Amino acid sequence: MAKNLVIVESPAKAKTIEGFLGSEFMVKSSYGHVRDLVKNNHGVEIENDFRPLYEVSEDKVQVVNELKKLAQASDWVWLASDEDREGEAISWHLKEVLGLSDSKIKRIVFNEITKPAILRAIENPRSINIDLVNAQQARRVLDRLVGFEISPVLWRKVKPSLSAGRVQSVAVRLIVEREREIRQHQSESFFRINARFDLENGKTILKAELPKRFATESEAQAFLEKCINASFSIKNLETRPLKKSPAPPFTTSTLQQEAGRKLRFSVSRTMRIAQSLYESGKITYMRTDSVNLSETALQAAKAEITKSYGPEFSQTRQFKTKSAGAQEAHEAIRPTYFENHRISGERDEQLLYELIWKRAIASQMAEAKIEKTVATIGISTTSETLTAEGEMILFEGFLKVYLEDKDEDESGSDEQNNSGMLPPLTIGQPLDLKDMTARQSFTRPAPRYTESSLVKKLEELGIGRPSTYAPTISTIQNRGYIAREDREGTARPYQELKLEKGQIHGKTLTENTGAEKAKLFPTDIGMLVTDFLTRHFQTIMDYGFTAQVEREFDEIAHGKRAWAEMLGSFYRPFHQTVAETIETSERVTGERILGVDPESGKQVSVRMGRFGAMAVLSQPDVEGDKPQYSSLPVGKKLEDIDLELALSLFRLPRSLGLFEEKDMQVNNGRFGPYVKHDGKYVSLPKGVDLFAITAEEAIKLIEDKRTAEANRTILKFEGSDVQVLNGRFGPYITNGNVNAKIPKGQDPASLTLPECMELIAAAEAAGPKKKPTRGKTAAPAATKAAKSTKRSTSTKAKRS
């Protein structure tokens with residue numbers, strides 16, 4: 001038995017570290033936290049200075065028992081969990097659960113998993129930092145109190161099974177407010193003038209723009225008319241040098257933002273890949289708000305830049321962390337070895353590693369030197385001037401490796417980008433106008449949040465910390481408050497006037513507007529809950545207050561404040577607000593009365609029900625009235641529904657005629673529109689209007705589903721539950737309980753039963769994703785919609 005037991009959080013981390021230590025060390029994993037707050041009575045003794053009550057998680061009992069035996073047989077126990085507050089708390093919980101004395105434990109920390117770093121940590125152990133532990137406990141207890149006390153209020157006043165969180169609810173509020181800002185935006189049009197000039201007998205085109213914008217088409221027309229017989233010439237040339245500096249190396253926040261912009265990774269995907277890269281020793285610790293690099297890293301970056309690009313490309317610099325509360329780790333995210341420009345492994349890991357390497361190496365490279373030229377073009381018939389801009393890179397510097405992307409709200413996408421080299425020009429040079437265009441454009445509201453831009457906003461407001469961004473964004477989506485969606489947009493006409501060869505021609509064109517890619521949209525329930533919480537829990541929903549709580553956690557971590565006192569100052573007024581809200585607030589449904597059905601005289605409204613947003617046809621003043629209900633179409637919110645659309649829902653189901661001598665009906669259910677035929681259901685694809693679908697289109701959907709089901713089974717083994725199936729994301733193996741991936745390059749049809757059994761066993765050992773039990777499966781929209789229809793009286797109601 002080894003004399004030294006090293007405990008880390010993950011098996012991957014354990015495997016990497018074990019290779020660096022000798023036979024006297026045994027490295028084991030705790031698989032994350034080994035205990036959590038009990039689920040009864042908040043898990044906190046409120047009247048006993050908020051003493052937390054912990055219990056070993058059911059799935060960790062065996063792990064704890066094994067670690068206890070190993071700890072008892074070892075001389076020393078080295079607690080090597082991550083160096084942030086969460087990691088410190090894991091070490092403390094292990095000490096408590098395993099019954100370890102202070103004299104037997106050694107706490108070690110490192111921000112990269114390399115042999116020198118591990119050996120250096122072994123040589124410099126410390127004790128557990130109880131201040132960091134208390135900061136984590138304070139966060140956990142506070143979030144438990146908020147969740148456990150507000151959630152029951154939502155069950156009573158809004159809808160069953162809802163939940164609320166301190167940071168999550170504020171994040172949802174940001175998205176709700178942005179959505180309403182977008183909906184309230186009144187777009188105004190304006191006209192932008194662009195000109196093109198022929199140079200060198202048409203071999204070169206000079207592009208220019210009028211800085212002024214015209215509010216109306218007639219104003220733009222008048223300007224073009226002035227230019228019909230005008231002569232154009234270079235009035236002035238201004239050249240000035242510019243320098244561009246590189247961005248700092250990544251923090252958790254900036255890595256999440258840039259991976260979202262450049263790689264289209266979700267925040268959770270970025271962190272999952274970064275965790276894997278860290279645990280395999282390829283990058284430094286990935287939860288950090290520091291932009292500092294160690295002296296060793298600075299020297300290594302300088303050596304690699306000099307070797308790969310030349311000494312003139314190297315410029316050592318140390319960035320300063322702007323956040324006053326920066327505390328998670330002491331170094332930015334960087335590669336552990338700068339000489340490794342790329343790595344082998346999964347494609348996602350390669351992409352993220354390359355991004356991290358480029359950002360870190362670029363941060364230590366020379367500034368880019370640029371020459372910017374602005375040409376002013378005079379017009380003989382007016383005092384207005386056109387402007388052409390160009391840039392020429394004199395020295396690439398860091399641009400040879402990396403350029404930071406911008407969010408949509410920073411990119412200046414409304415402005416024309418004329419960057420690029422200008423052709424040789426001289427003052428007084430006459431120009432030959434090729435054409436001049438006046439194009440109608442429209443003002444736009446602030447863009448919807450992406451996951452990346454939401455992280456940036458949360459960081460700007462001081463809400464959350466590096467370890468909380470990803471779980472916060474995942475949670476609000478998983479709870480159904482926010483949806484990450486693509487939107488196709490709609491066609492919008494615009495006017496264009498063109499001056500060419502002395503003639504002005506106008507035409508109407510169309511453009512796609514409102515198209516969105518991976519944007520965050522609030523759901524109806526998200527908007528309803530946000531309105532309720534903002535009305536009754538103003539303190540909790542206040543951005544400044546949430547940021548102040550984070551600063552108080554920082555004070556606890558630095559030993560400047562007692563965590564029980566901090567919790568007490570928050571909890572008592574909060575608990576009073578909860579009690580008052582339960583007593584005095586009314587139940588909210590978001591009901592909007594749309595009008596009256598002209599056929600029945602009944603009231604038509606929309607509101608939130610137990611199973612989601614719905615339209616209601618009722619007679620509220622009539623005793624014993626039985627309302628009719630109909631689910632709203634997918635993608636429609638309570639605020640979108642008007643009387644006409646609501647009435648059309650009550651005319652469903654709509655018959656499409658016979659197919660194979662059986663009726664086809666199109667209907668709308670709780671989970672979306674579908675076609676019913678011969679007792680089977682087919683979901684309508686996204687974008688297909690249930691009120692416009694034809695019989696021919698429905699028949700094709702039915703036949704396509706039959707084909708897909710017939711081709712679903714690739715292999716079936718006699719006497720075994722094991723099958724090889726075609727799934728949504730490609731072929732896979734299943735035994736009805738565990739699903740296993742098929743190795744890349746392997747022909748699914750050539751698999752044998754023993755090979756399938758081996759792959760299933762490996763998937764189960766690695767932590768299988770169990771097939772959901774019946775009733776919890778994410779069923780197709782059509783099947784769910786059909787069940788919803790059976791529960792609803794409205795969609796069966798016949799309209800005369």
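Residues numbered from 1 in each chain as written. Predicted model: local features only at pLDDT ≥ 70, side-chain atom pairs only at ≥ 80, totals over all residues. Heavy atoms only, no water.

**Some details on the overall build of the protein chain**
- On a plain count of helices and strands, the protein chain comes out with 20 helices and 30 strands.
- Relative to its 800 residues, the protein chain shows a buried fraction of 47%.
- In the protein chain, the proportion of contacts linking residues at least 24 apart, taken out of those at least 6 apart, comes to 71%.
- Side-chain charges of the protein chain comprise 117 positive and 111 negative groups, with the mean position of each set lying 2 Å from the other. (Helix = DSSP H or I, 4+ residues; strand = E, 2+ residues; numbered from the N terminus. Buried < 20%, exposed > 50% of the residue type's maximum accessible area, 1.4 Å probe, protein only. Contact = heavy atoms within 4.5 Å. Lys, Arg positive; Asp, Glu negative; His and termini not counted. Charge placed at Lys NZ, Arg CZ, Asp CG, Glu CD.)

**Observations concerning the pattern of salt bridges**
- Throughout the structure, instances matching the rule amount to 51 salt bridges.
- The partner of Glu-550 in a salt bridge is Arg-166, with the nearest N and O atoms 3.6 Å apart. With a gap of 384 residues between them, Glu-550 in helix α15 (residues 543-557) and Arg-166 in helix α6 (residues 166-184) connect regions that are remote in the sequence.
- Owing to a relative accessible area of 1%, Arg-166 belongs among the buried residues under this scheme.
- Linked by salt bridges that have partners in common, Glu-179, Arg-180, Arg-183, Arg-448, Glu-516, Lys-519, Asp-531, Glu-639 and Asp-640 make up one network. (Salt bridge = Lys/Arg side-chain N within 4 Å of Asp/Glu carboxyl O.)

**As for helix α11 (residues 347-362)**
- With 16 residues, α11 extends 22 Å from end C-alpha to end C-alpha; this agrees with the ideal 22 Å at 1.5 Å per step.
- Three or more residues of α11 are buried, namely Glu-349, Leu-352, Tyr-353, Leu-355, Ile-356, Trp-357, Arg-359, Ala-360, Ile-361 and Ala-362.
- Tucked into the core, α11 has its buried residues touching α8 (252-263), α9 (267-279) and α10 (295-309). (Expected span 1.5 Å × (residues − 1).)

**Some details on the pairing of strand β24 (residues 662-669)**
- Examined bridge by bridge, strand β23 (residues 654-659) and β24 share five bridges and lie antiparallel to one another. Bridging across to β24, Leu-658 finds its partner in Asp-663.
- Remark: two residues form the turn of the hairpin made by β23 and β24, two consecutive strands paired antiparallel; Glu-660 in that turn has positive phi of roughly 55°.
- The pairing of β24 with strand β25 (residues 672-677) spans six bridges and is classified as antiparallel. Residue pairing across strands places Gly-669 opposite Gly-672, the latter belonging to β25.
- Linking two consecutive strands that pair antiparallel, namely β24 and β25, is a turn of two residues. (Pairing = 2+ DSSP bridges.)

**As for the side chain of His-677**
- Along the chain, His-677 turns up in strand β25.
- Overall, His-677 belongs to the buried group, its relative accessible area being 4%.
- With sequence-adjacent residues up to four places away left out, His-677 is seen in contact with Phe-659, Glu-660, Lys-662, Asp-663, Met-664, Ile-702 and Arg-706.

**Concerning helix α14 (residues 524-536)**
- Taking 1.5 Å of rise per residue, the 13 residues of α14 would be expected to cover 18 Å, and the 19 Å separating its terminal C-alpha atoms lies within 8% of that figure.
- Here α14 has its buried residues at Asp-524, Ile-525, Gly-526, Met-527, Leu-528, Val-529, Thr-530, Phe-532 and Leu-533.

**Digging into the sheet that holds strand β21 (residues 612-618)**
- Across the sheet, four strands lie side by side as β19-β20-β21-β22; this open sheet has antiparallel pairing. Either end of the sheet is taken by a strand with one partner, and the two such strands are β19 (592-596) and β22 (628-631). The average undirected angle you get between the axes of adjacent strands in this sheet is 25°.
- With four bridges connecting them, β21 and β22 associate as antiparallel partners. Directly across from Met-614, in β22, lies its bridge partner Ser-631. (Axes fitted to C-alpha atoms, helices over the stretch in contact; angles between N-to-C directions.)

**Some thoughts on the packing of α15 against helix α16 (residues 563-584)**
- Running from N to C, α15 and α16 cross one another at 160°; their axes reach a closest spacing of 10 Å. By the angle between their directions, the pair α15 and α16 is classed as roughly antiparallel. The handedness of the crossing between α15 and α16 comes out as right-handed. Taken together, the residues of α16 that come into contact with α15 (itself represented by Phe-545, Val-549, Glu-552, Phe-553 and Ile-556) are Trp-563, Met-566 and Phe-570.
- In terms of residue class, the contact of α15 with α16 is made up of seven nonpolar, no polar and one charged. (Parallel < 35°, antiparallel > 145°, perpendicular 65-115°, else oblique. Left-handed = near helix turned anticlockwise from the far one by under 90°. Nonpolar A, V, L, I, M, F, W, Y, C, P; charged D, E, K, R; others polar.)

**Quick notes on the nonpolar core**
- Counting 136 residues, the largest nonpolar core has Leu-154 and Leu-352 as its most contacted members.
- Among all residues touching Leu-154, those that are not within four sequence positions of it are Lys-159, Leu-162, Ser-163, Ala-164, Tyr-481, Val-529, Phe-532 and Leu-533.
- Ala-195, Phe-214, Phe-223 and Ala-230 belong to the second-largest nonpolar core, a separate cluster that totals 28 residues. (Core = buried A, V, L, I, M, F, W, Y, C linked by side-chain atoms within 4.5 Å.)

**What about the packing of aromatic side chains?**
- What the rule picks out here adds up to 13 aromatic pairs.
- Their ring planes at 40° and their centres at 5.5 Å tell us that Phe-214 and Phe-223 sit as a pair that is tilted. Judged on exposure class, the residue Phe-214 and its partner Phe-223 are both buried.
- Summarising the aromatic geometry, the rings of Phe-537 and Phe-574 are spaced 6.3 Å apart at their centres and angled 50° between planes, so their arrangement reads as tilted. With a gap of 37 residues between them, Phe-537 in the loop between α14 and α15 and Phe-574 in helix α16 connect regions that are remote in the sequence.
- Lying across the ring of Tyr-449, Arg-178 places its NZ or CZ 4.4 Å from the centre.
- Arg-487 extends its terminal NZ or CZ atom over the ring of Phe-521, reaching a point 3.8 Å from the ring centre. (Phe/Tyr/Trp six-rings, centres within 6.5 Å; stacked < 30°, edge-to-face > 60°. Lys NZ or Arg CZ within 6 Å of the ring centre and 35° of its normal.)

**Overview of the sheet that holds strand β26 (residues 680-683)**
- One open sheet holds the four strands; their spatial order is β23-β24-β25-β26, and the pairing between them is antiparallel. Either end of the sheet is taken by a strand with one partner, and the two such strands are β23 and β26. Between one strand axis and the next, the sheet turns through 30° on average, direction left out of account.
- Lying over the sheet, helix α18 (residues 695-710) contacts β23, β24, β25 and β26, oriented at roughly 65° with respect to β23.

**Notes on the packing of α9 against α11**
- Two elements in contact, α9 and α11, have axes separated by 10 Å at closest approach and are oriented at 85°. Comparing their axes, α11 and α9 come out roughly perpendicular. Counting all contacts with α9, which are made through Arg-269, Thr-270, Ile-273, Ala-274, Ser-276 and Leu-277, the residues of α11 involved are Asp-348, Glu-349, Leu-352, Tyr-353 and Ile-356.
- The class makeup of the residues in the contact of α9 with α11 is six nonpolar, two polar and three charged.

**Notes on the confidence of the model for the protein chain**
- Summary statistics for the protein chain give a mean pLDDT of 90 and a share of 93% for residues scoring 70 or more.
- Every residue in residues 412-418 is under pLDDT 50, and counting partners more than four places away or in other chains gives 13 contacts.
- pLDDT under 50 marks residues 768-800. Its contacts with residues more than four places away, or in other chains, come to 65 contacts. (pLDDT = per-residue confidence, 0-100.)

**Some thoughts on the pairing of strand β10 (residues 204-209)**
- Here six bridges tie strand β9 (residues 189-199) to β10, and the two strands are oriented antiparallel to one another. Looking at β10, one finds that Ala-195 is bridged to Ala-208.

**Side note on unusual backbone geometry**
- In this model, Leu-652 is joined to Pro-653 through a cis peptide bond whose omega is 5°.
- Position of Pro-653 among the secondary structure elements: in the loop between α17 (643-649) and β23.
- Although it is not a glycine, Glu-200 sits at a positive phi angle of roughly 55°.
- Tracing the backbone through its elements, the reader meets Glu-200 in the loop between β9 and β10.
- Of note in this structure, Asp-678 is not a glycine but carries a positive phi near 55°.
- For Asp-678, the location among the structural elements is in the loop between β25 and β26.
- Looking at Asp-678, the relative accessible area reads 45%, which means it is partly exposed.

**Notes on the environment of Met-392**
- Checked against the element boundaries, Met-392 lands in strand β13 (residues 382-395).
- Each residue touching Met-392, except ones within four places of it in the same chain, is listed here: Lys-369, Ile-370, Glu-371 and Met-421.

**Points about the environment of Ile-582**
- For Ile-582, the location among the structural elements is in helix α16.
- Placed 150 residues apart in sequence, Ile-582 and Asp-432 show a C-alpha to C-alpha distance of 75 Å.
- Among residues more than four places away in sequence, those in contact with Ile-582 are Val-153, Arg-156 and Lys-157.

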